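Notes for the structure review
So you can see what is in the structure, the chains are spelled out below.
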Amino acid sequence: MKGLSGKIVALVVVVVVVVAAVAIIELTSKPSHVTTPPSNTSTSSTSTTTTSSNVTLTVVTFSGESAQFIQYAGELFHQEHPNVQVQVIQYPFSDYIDKELTVLTGHSSQYDIIGFTSTSAQRVSPYLLNLTNFNLSQVIAQQEDFGGIIYNVTTGQREVVGVSYETAVYLMAYRESIFSNQTLANEFTSEYHVPFNPNDWTNWTEVIWADQFLTSHNITQYGFLIDDHVSHGIIDAFPAVYGWYYIRDNSISNGTTGIPGFNIMFTGYIPAGMKFPVPSFNSSAGVEALETYAQLVKYDPNPSQLQVSYDNLPELFPQAPGGFMFTSQLSYLNSSVAQDTYLAPLPGGYAETGTDLLGVSKYSAHPQLAEEFLQFLVSPQVQEIAFLKFGKFPVNQQAFLDLISNTSIPSYQREWLNATYHAALNAWANPPNVPPTYISLITDFNNQVFSYLTGQISNPQQALETAAQQWATAVESYYNGG
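Because the structure is a prediction, the values reported are computed rather than measured. (Residues numbered from 1 in each chain as written. Predicted model: local features only at pLDDT ≥ 70, side-chain atom pairs only at ≥ 80, totals over all residues. Heavy atoms only, no water.)

Overview of the overall build of the protein chain
To be explicit about the condition: Comment: elements are numbered from the N terminus, with helices defined as DSSP H or I runs of at least four residues and strands as E runs of at least two. Only protein chains enter the accessibility calculation, which uses a 1.4 Å probe. A residue is then buried if its area is under 20% of the maximum for its type, exposed if over 50%, and partly exposed in between. In what follows, a contact means two residues having at least one pair of non-hydrogen atoms within 4.5 Å. Here, Shrake-Rupley sampling with a 1.4 Å probe gives the accessible areas, and only protein chains in the shown set may cover a residue.
The number of helices and strands found in the protein chain is 19 helices and 11 strands. Going through the 482 residues of the protein chain one by one, you find that 60% of them count as buried. For the protein chain, contacts bridging at least 24 residues in sequence account for 74% of all contacts bridging at least 6. Put simply, the protein chain shows about 17,900 Å² of open surface, and 48% of that area lies on carbon and sulfur atoms.

Quick look at the structure:
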């Protein structure tokens with residue numbers, strides 16, 4: 001959900017900069033290093049579109065590190081395609097979607113490539129090409145699924161409307177110095193009979209036990225931090241917890257990880273006579289998840305006084321044994337804390353996605369060239385540069401593996417890469433991104449859950465039933481034209 005990535009993950013040592021420079025030289029001098037997709041693929045990073053005149057591909061997206069990476073990749077693309085310039089137009093995150101939609105609804109060819117986050121995917125998808133033949137063989141599917149692929153309620157088909165160009169996952173970060181302490185490990189294991197290693201935890205109860213142990217022994221002020229911010233964060237944090245319960249309840253999941261766009265907060269099937277699924281969290285699984293979420297929050301600052309959010313979690317992190325966060329938040333940790341921070345999947349071995357994407361406008365004058373640039377952007381070499389130069393976790397699997405084996409990179413960053421890669425392969429506990437999400441679903445759900453967390457509502461079933469009724473009404477109204 002939190003599509004914005006942060007600044008560079010950490011200061012990269014001089015030798016890493018050298019590696020990046022070498023990678024750039026190799027990329028620009030030997031374009032044949034870019035893998036050519038199968039013959040049935042319409043575009044590739046090396047399939048040159050012949051053009052005798054100068055062409056400008058215009059990309060529009062939100063401002064920040066991601067936009068800078070895209071512009072840098074555009075300069076590399078220009079070296080392979082001398083007649084092609086790539087221009088990145090940046091707007092503040094708060095209003096970039098409105099800026100894009102103003103142009104797209106007017107069917108203007110002003111923009112060729114449209115940037116968006118996973119949660120805004122279906123706001124812009126009506127104006128994007130279906131990239132049916134795009135080569136996604138090296139792109140991590142779980143990143144692509146959340147926003148890049150949508151379920152068309154009208155046709156009942158899945159459509160590829162965007163390409164994820166970086167990896168962002170919501171997982172568990174922990175302080176290595178605490179969990180490698182053998183004295184603490186022996187005492188914890190003796191008391192709770194489970195490993196003192198977040199990578200080995202199989203359920204959320206073990207996190208609560210760790211919170212109890214560490215706070216009661218005055219090791220840390222807080223337990224594992226988890227977002228409980230009412231304006232947005234709850235819709236990220238709750239699905240992360242709920243995923244454990246959802247996937248184990250076949251009556252709501254139907255053995256799936258949800259229908260694209262609706263995801264786990266809705267049933268993994270469409271009831272007879274309907275065109276879309278129904279809310280899933282007003283179930284026994286949802287109640288258990290909400291009660292667990294509330295237990296986790298009890299070991300954090302009182303949300304009535306201070307809500308944990310995307311912005312302040314890195315500031316609170318040194319007073320905790322760890323926290324549940326998006327990988328983009330790692331860049332906000334100070335250097336000493338960052339080097340002491342390791343990553344693990346959510347208990348039970350899964351994660352949540354929150355990534356950024358690019359799609360091709362239906363009104364672009366250069367659609368094939370735009371697709372070629374996107375294919376270039378997700379090639380292994382460019383994706384490696386994304387991490388080395390911009391701190392962006394790659395979405396290309398080969399790039400991940402190459403970086404993990406690169407001993408010039410600091411060991412803690414390679415640990416991040418390894419953990420993020422494996423978490424990304426199993427990241428599916430996602431909130432919805434259907435069009436009504438930002439209009440009403442987030443507010444409806446977060447308000448009810450926050451009222452429960454702060455004691456204004458005492459019955460978890462009541463809170464979830466109210467939110468589910470509001471969601472059902474909003475979705476039915478949207479898709480049935482109400």
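Looking at the sheet that holds strand β6 (residues 163-164)
Using the following cut-off: Here, strands pair whenever DSSP counts at least two bridges between them. Structural elements are reduced to axes, namely lines fitted to C-alpha atoms, with helices fitted over the stretch in contact, and the angle between N-to-C directions of any two is expressed from 0 to 180 degrees.
As summarised here, the arrangement of the five strands in space is β2-β1-β3-β11-β6, forming an open sheet in which the pairing is mixed. Two strands in the sheet have a free side with no partner beyond their single neighbour: β2 (84-91) and β6. Bridging between strand β1 (residues 55-62) and β2 involves eight bridges; their strand directions are parallel. Looking at β2, one finds that T61 is bridged to Q90. Against the sheet, helix α2 (residues 65-80) contacts β1, β2 and β11 (356-360), and its axis sits at roughly 170 degrees relative to β2.

Thoughts on the nonpolar core
Rule in force here: Put simply, buried Ala, Val, Leu, Ile, Met, Phe, Trp, Tyr and Cys residues joined by side-chain atoms within 4.5 Å make one nonpolar core.
Ranked by size, the top nonpolar core spans 85 residues in total, and within it F69 and F373 carry the most contacts. The contacts of F69, once residues within four sequence positions are left out, are Y165, L377, V382, Q383, A386 and F390. One finds V194, Y245, F266 and V297 within the second-largest nonpolar core, a separate group that totals 74 residues.

Concerning the environment of F450
For F450, the location among the structural elements is in helix α18 (residues 436-453). The contact partners of F450, leaving out residues within four places of it in the chain, are D228, V230, I234, P303, Q307 and Q456.

Some details on the pairing of β1
Basically, it comes down to this: Place the viewer so that the strands point away; then a crossover is right-handed whenever the path from the first strand over the helix to the second strand goes clockwise.
Among the eight residues in β1, seven count as buried, and that is most of the element. A crossover links β1 with its parallel partner β2, the connecting element being α2, and its sense is right-handed. Bridging between β1 and strand β3 (residues 113-117) involves two bridges; their strand directions are parallel. Paired with V60 across the two strands is I114, which belongs to β3.

What to know about the layout of surface pockets
Short version of the rule: Using a 1 Å grid laid over the protein atoms alone, points where a 1.4 Å probe fits but cannot get out form a cavity; open sets with protein on both sides within 12 Å along at least 5 of 7 lines form a pocket; any residue with an atom within 4 Å of a point counts as lining. Grid points are joined across faces, edges and corners, and a volume is the space filled by probe spheres set on the points. Asp, Glu, Lys and Arg are counted as charged, while Ala, Val, Leu, Ile, Met, Phe, Trp, Tyr, Cys and Pro are counted as nonpolar; the rest, among them Gly, fall into the polar class.
The calculated volume of the second largest pocket comes to roughly 380 Å³. In this structure, the second largest pocket is lined by 18 residues; those nearest its centre are Q122, S125, P126, P435 and Y478. Broken down by secondary-structure element, the contributors of at least two residues to the lining of the second largest pocket are α4 (121-124), β4 (149-152) and α19 (460-479). Ranked by the residues each element gives to the lining of the second largest pocket, the list is headed by β4, at three residues. In terms of residue class, the lining of the second largest pocket is built from nine nonpolar, five polar and four charged.

A few points about the side chain of T327
The residue T327 is located in the loop between β8 (322-326) and α13 (335-339) in this model. With residues up to four places along the chain from it excluded, the contact list for T327 reads T167, A168, V169, L171, L343, F393 and T420.

A closer look at the packing of aromatic side chains
This is how the line gets drawn: Aromatic pairing here means that ring centres of Phe, Tyr or Trp (its six-membered ring) are within 6.5 Å. Orientation follows from the plane angle: under 30 degrees is stacked, over 60 is edge-to-face, and everything else is tilted. Any Lys NZ or Arg CZ found within 6 Å of a ring centre and within 35 degrees of that ring's normal is scored as a charge over the ring.
Per the stated rule, a full pass over the model turns up 40 aromatic pairs. Here the aromatic rings of F238 and Y293 are separated by 6.4 Å at their centres, their planes lie at 65 degrees, and the arrangement is edge-to-face. Here F238 is found in helix α9 (residues 234-246), whereas its partner Y293 is found in helix α11 (residues 284-297), with 55 residues between them in sequence. According to the relative accessible area criterion, Y293 is buried, its value standing at 0%. If you follow R248 out to its NZ or CZ, it ends over the ring of W244, 3.9 Å from the centre.

With respect to the pairing of β4
What you see with β4 is no split at all: I149 and Y151 on one side and I150 and N152 on the other are buried throughout. Of the pairings in the sheet, the one linking β4 to strand β5 (residues 157-160) comprises four bridges and is antiparallel in character. Bridge pairing in β5 places I150 opposite E159. Here β4 folds back onto β5, and the loop between the two strands holds four residues, one of which, G156, carries a positive phi near 75 degrees.

What about the pattern of salt bridges?
As a reminder of what qualifies: The salt bridge criterion pairs a side-chain nitrogen of Lys or Arg with a carboxyl oxygen of Asp or Glu, the two atoms within 4 Å.
Within this structure, the stated rule accounts for three salt bridges. Among the ionic pairs, D98 bridges to R123, the shortest N-O distance being 3.7 Å. Of this pair, D98 sits in helix α3 (residues 96-104) while R123 sits in helix α4, placing them 25 residues apart in sequence. The partly exposed category is assigned to R123, whose relative accessible area is 36%. Among the ionic pairs, E166 bridges to K392, the shortest N-O distance being 3.3 Å. Note that E166 is positioned in the loop between β6 and β7 (169-175) and K392 in the loop between α15 (380-390) and α16 (397-404), a separation of 226 residues in sequence. By relative accessible area, E166 is classed as buried at 2%.

Concerning the packing of α11 against α19
Filter applied, for reference: Handedness of a crossing follows from how the near helix is turned relative to the far one, being left-handed for an anticlockwise turn of less than a right angle and right-handed for a clockwise one.
Where α11 contacts α19, the axes come no closer than 9 Å and their chain directions differ by 120 degrees. For α11 against α19, the interelement crossing comes out right-handed. In this structure, α11 uses G286, V287, L290 and E291 to contact α19, whose residues at the interface are P460, Q461 and L464. Taken together, the residues of the contact of α11 with α19 sort by class into four nonpolar, two polar and one charged.

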